[in-house]
Amino acid sequence: AQRGTGDVSEWLVWFINTFAESCQISQHLIDEALARTRFWIDHKDVSLNPRQREMLTRMLAAGAGKFAGGMTPRKYMAIAKANNRLTANRDLSDLVGKKILARKGAGRSTYYDLTIPGWAWVLDRKTPDS
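Residues numbered from 1 in each chain as written. Predicted model: local features only at pLDDT ≥ 70, side-chain atom pairs only at ≥ 80, totals over all residues. Heavy atoms only, no water.

## A look at the overall build of the chain
Right, on to step 1. If you tally the helices and strands in the chain, you get 4 helices and 2 strands.
Right, on to step 2. Counted from the first residue to the last, the chain has its helices and strands arranged as α-α-α-α-β-β.
Right, on to step 3. A compact globule built from 130 residues would reach a C-alpha radius of gyration of about 14 Å, whereas the chain, at 21 Å, exceeds it by more than 25%.
Right, on to step 4. Seen through its C-alpha atoms, the chain measures out along the principal axes to roughly 75 × 30 × 25 Å.
Right, on to step 5. Per-residue burial over the chain gives 28% buried out of 130 residues.
Right, on to step 6. When contacts within the chain are restricted to residue pairs at least 6 apart in sequence, those whose partners lie at least 24 apart make up 54%. (Helix = DSSP H or I, 4+ residues; strand = E, 2+ residues; numbered from the N terminus. Rg over C-alpha atoms; globule rule 2.2 N^0.38 Å. Buried < 20%, exposed > 50% of the residue type's maximum accessible area, 1.4 Å probe, protein only. Contact = heavy atoms within 4.5 Å.)

## Brief notes about the packing of helix α2 (residues 50-62) against helix α3 (residues 73-80)
The description of two helices packed together rests on the angle between their axes and the distance between the axes.
Right, on to step 1. At a closest axis distance of 9 Å, the pairing of α2 and α3 adopts a crossing angle of 105°. One finds that α2 runs roughly perpendicular with respect to α3. Touching Arg51, Gln52, Glu54, Met55 and Arg58 of α2 are Tyr76, Ile79 and Ala80, all from α3.
Right, on to step 2. Grouping the amino acids of the contact of α2 with α3 by side-chain chemistry returns 4 nonpolar, 1 polar and 3 charged. (Axes fitted to C-alpha atoms, helices over the stretch in contact; angles between N-to-C directions. Parallel < 35°, antiparallel > 145°, perpendicular 65-115°, else oblique. Nonpolar A, V, L, I, M, F, W, Y, C, P; charged D, E, K, R; others polar.)

## A look at the layout of surface pockets
Right, on to step 1. Space inside the largest pocket adds up to approximately 220 Å³.
Right, on to step 2. Around the largest pocket sit Thr72, Pro73, Arg74, Arg85, Asn89, Arg103, Gly107, Arg108, Thr110 and Tyr112, which together line it.
Right, on to step 3. Elements with a minimum of two residues in the lining of the largest pocket: α3 and α4 (85-97).
Right, on to step 4. Each residue belonging to the lining of the largest pocket can be placed in one class, and the counts come to 2 nonpolar, 4 polar and 4 charged. (1 Å grid on protein atoms, 1.4 Å probe; cavity = no way out; pocket = protein on both sides within 12 Å on 5 of 7 lines; lining within 4 Å. Points joined across faces, edges and corners; volume = space filled by probe spheres on them.)

## A word on a nonpolar patch on the surface
Right, on to step 1. Taken together, the side chains of Val8, Trp11, Leu12, Trp14, Phe15, Ile16 and Phe19 define a hydrophobic patch exposed on the protein surface, amounting to about 770 Å² of accessible area.
Right, on to step 2. Tracing the backbone through its elements, the reader meets Phe19 in helix α1 (residues 9-42). (Patch = residues over 30% accessible without salt bridge, like charges linked within 9 Å, V, L, I, M, F, W, Y side chains within 5 Å. Areas by Shrake-Rupley, 256 points an atom, 1.4 Å probe, with all protein chains shown as cover. Salt bridge = Lys/Arg side-chain N within 4 Å of Asp/Glu carboxyl O.)

## Considerations on the packing of aromatic side chains
Right, on to step 1. Counted by the stated rule, this structure contains 3 aromatic pairs.
Right, on to step 2. Members of the aromatic cluster, connected to one another through ring pairs, are Trp11, Trp14 and Phe15. (Phe/Tyr/Trp six-rings, centres within 6.5 Å; stacked < 30°, edge-to-face > 60°.)

## Remarks on the packing of α1 against α2
Right, on to step 1. Relative to each other, α1 and α2 sit at 155°, their axes nearing to 10 Å. Here α1 lies roughly antiparallel to α2, going by the angle between them. As for how α1 packs across α2, the hand of that crossing is right-handed. Counting all contacts with α1, which are made through Arg36, Phe39 and Trp40, the residues of α2 involved are Arg53, Leu56, Thr57, Leu60 and Ala61. (Left-handed = near helix turned anticlockwise from the far one by under 90°.)

What follows is the structure in structure tokens.
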């Protein structure tokens, strides 16, 4: 301040932009937390086995569009500690029938996404983090 002109305009612009960006990030985090809460409220009467509940918790914790590659039977087996692929497929199909997951792709490229609008995994998704 002693050597400069005393003009704080540049600093104020930086500060306001930083503050606005932090508000946007905070809003995004709050929206995701509310979506997770709404999900569990909307599905409180749906019967889920412990494997399904664990897998859904992990997908929701990842955040909107951030569960890379969606849920696959192989990932399900690892996360939910399912004994075999048949159990994984049965549990995933049950969640599709309950309209909690949506099936995407076909054959070996099949994966599952949450049915929450905006939470589907997209390969080239731009997120506020990037």
